[in-house]
Amino acid sequence: LLDPSRFVVFITGATSGFGAAAARRYVEAGAKVVATGRRWDRLVDLQIDLGAENCHIIQLDVQDRAAIDAAIADLPPPFANINVVLANAGLALGLQPAAETDITDWETMIATNVTGLAYTVRALLPGMIHRGGGHIVTLGSVAGDYPYPGGSVYGATKAFVKQFALNLRSDVQGKNIRVTNIEPGLTETEFSLVRFKGDEEKAAKPYSGTKAMNAEDIAETIFWSTTLPEHVNVNRLQVMATTQAFGPFDIYRE
Ligand code: NDP
Ligand code: 8X3
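Residues numbered from 1 in each chain as written. Chains lettered and ligands numbered in written order. Predicted model: local features only at pLDDT ≥ 70, side-chain atom pairs only at ≥ 80, totals over all residues.

## Some points on the overall build of the chain
Link 1 in the chain: Looking only at helices and strands, one finds 9 helices and 9 strands in the chain.
Link 2 in the chain: Relative to the 2.2 N^0.38 estimate, which gives 18 Å for 254 residues, the radius of gyration of the chain is 18 Å and therefore close to what a compact globule would have.
Link 3 in the chain: Across its three principal directions, the C-alpha atoms of the chain cover 65 × 40 × 35 Å.
Link 4 in the chain: Counting all 254 residues of the chain, 37% fall into the buried class.
Link 5 in the chain: Sequence separation of 24 or more characterises 70% of the internal contacts of the chain that already satisfy a separation of 6 or more. (Helix = DSSP H or I, 4+ residues; strand = E, 2+ residues; numbered from the N terminus. Rg over C-alpha atoms; globule rule 2.2 N^0.38 Å. Buried ≥ 20, exposed ≤ 12 C-beta atoms within 10 Å, placed from the backbone. Contact = placed C-beta atoms within 7 Å.)

In structure tokens, the structure reads:
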């Protein structure tokens, strides 16, 4: 297995959910983490918990390409040689039928999950290639594999992430860069609260009466995939709660 104490991990969306749990998991294993996100107070709390010597924080909106480039250009030496990227920042907004959706929700999902993720990878990849290798982990979703009502643009953004990761993998052949798309199912984080715009009752529904996965489950999966020996690449990894399985096709009848 690879020694995680040699990792410098750049995480987008480290203020909550998978990103925050992954930051804790990597630091616990001796890695250095660059934690980024929009909510500065959350980043400060994370840094206080993990220690400034282990966790460097940057306020960053992944929709802002210039800000990503500037952040990477300005990293202090202990955090500069990034060799693991967790392109995790993302969100779903709404669950309405396509014809009733708020078009700005679609725009935000595309700008974050597609464009922001592409900016992140494009900004960090050349340095990793230059330094001789590394690992890019993208956060896809089961929603990029299976359709569901109301998931039109969210699922499509995650299908983009999956194909982007696979194309990237073929693109970096011979450069010692590993690429892994993690595709989780139902996991209790702030994801649902964001999807339902702060409506706690609606947000709790997907998790009620069942046992969903939690952020630590996915952080552990991410961590595992990156510590495998250098000659092993997990291409895609779909992970579901044991309580979540598949429904039948939906046949419309008169
Ligand atoms: P959370 O809502 O708990 O965390 C999302 C993170 O993304 C936050 O840290 C948030 O930080 C960040 N983020 C959102 N928009 C931006 C932006 N414009 N710029 C920078 N950061 C941003 O959700 P999860 O941890 O569950 O989600 C993480 C990823 O996993 C997402 O890509 C999501 O689509 C995916 N996923 C989630 C699943 C689930 O069921 N929970 C299942 C499958 C995939 P801030 O608001 O501070 O900027
Ligand atoms: C999050 C899982 O099923 O709510 O990507 O879309 S789901």
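## With respect to the pairing of strand E3 (residues 55–59)
Link 1 in the chain: When you tally the buried positions in E3, you get 4 out of 5 residues, the bulk of the element.
Link 2 in the chain: With 5 bridges connecting them, strand E2 (residues 32–37) and E3 associate as parallel partners. Bridging across to E3, Val34 finds its partner in His56.
Link 3 in the chain: Crossover connection from E2 via helix H2 (residues 40–50) to parallel E3: handedness right-handed. (Pairing = 2+ DSSP bridges. Right-handed = clockwise from strand over helix to strand, strands pointing away.)

## Let's talk about the site of ligand 1
Link 1 in the chain: Within the structure, ligand 1 sits among 31 residues, and Gly13, Gly17, Arg38, Gly90 and Thr189 are positioned closest to it.
Link 2 in the chain: Within the residue set of the shell around ligand 1, elements represented by two or more residues are helix H1 (17–28), helix H5 (103–130) and helix H7 (191–195).
Link 3 in the chain: Per-class residue counts for the shell around ligand 1 are 11 nonpolar, 15 polar and 5 charged. (Near = placed C-beta within 6 Å. Nonpolar A, V, L, I, M, F, W, Y, C, P; charged D, E, K, R; others polar.)

## Here's the deal with the packing of helix H3 (residues 65–73) against H5
Link 1 in the chain: The N-to-C vectors of H3 and H5 enclose an angle of 30 degrees; their axes lie 10 Å apart at closest approach. Classified by the angle between their axes, H3 and H5 sit roughly parallel to one another. At the point where H3 passes H5, the crossing takes the right-handed sense. Here Arg65, Ile68, Asp69 and Ile72 of H3 lie close against H5, whose contacting residues are Tyr119, Thr120, Ala123 and Leu124. (Axes fitted to C-alpha atoms, helices over the stretch in contact; angles between N-to-C directions. Parallel < 35°, antiparallel > 145°, perpendicular 65-115°, else oblique. Left-handed = near helix turned anticlockwise from the far one by under 90°.)

## Points about the site of ligand 2
Link 1 in the chain: The immediate surroundings of ligand 2 are formed by Ser141, Val142, Ala143, Gly151 and Gly185.
Link 2 in the chain: Its residues assigned to classes, the shell around ligand 2 comprises 2 nonpolar, 3 polar and no charged.

## Considerations on unusual backbone geometry
Generally, phi is negative for residues other than glycine and the peptide bonds are trans, each holding for most cases.
Link 1 in the chain: Residues other than glycine seldom take positive phi values, yet Asn176 does so here, at roughly 60 degrees.
Link 2 in the chain: Mapping Asn176 onto the fold places it in the loop between helix H6 (152–171) and strand E6 (177–184).

## A word on the environment of Thr242
Link 1 in the chain: Take Thr242: it is sitting in the segment after strand E9 (236–239).
Link 2 in the chain: Distance in space between the C-alpha atoms of Thr242 and Thr210 is 9.8 Å, their sequence separation being 32 residues.

## Some details on the sheet that holds E3
Link 1 in the chain: Strand order in the open sheet formed by 7 strands is E3-E2-E1-E4-E5-E6-E9, and the pairing between neighbours is parallel. In this open sheet, the two edge strands, each paired with only one partner strand, are E3 and E9. Sheet twist, expressed as the average angle between the axes of neighbouring strands with direction ignored, equals 15 degrees.
Link 2 in the chain: One ladder, built from 4 bridges, connects strand E4 (residues 84–87) with strand E5 (residues 134–139); its direction is parallel. Counterpart to Val84 in the pairing with E5 is His135.
Link 3 in the chain: Docked against the sheet, H5 engages strand E1 (8–12), E4, E5 and E6, running at close to 175 degrees with respect to E4.

## Observations regarding the confidence of the model for the chain
Link 1 in the chain: Considering every residue of the chain, the mean pLDDT works out to 98; 100% of them sit at 70 or more.
Link 2 in the chain: Within the chain, the element-level pLDDT minimum falls on H3, averaging 96, and the maximum on E6, averaging 99.
Link 3 in the chain: ipTM for the predicted complex: 0.99, alongside a pTM of 0.98. (pLDDT = per-residue confidence, 0-100.)

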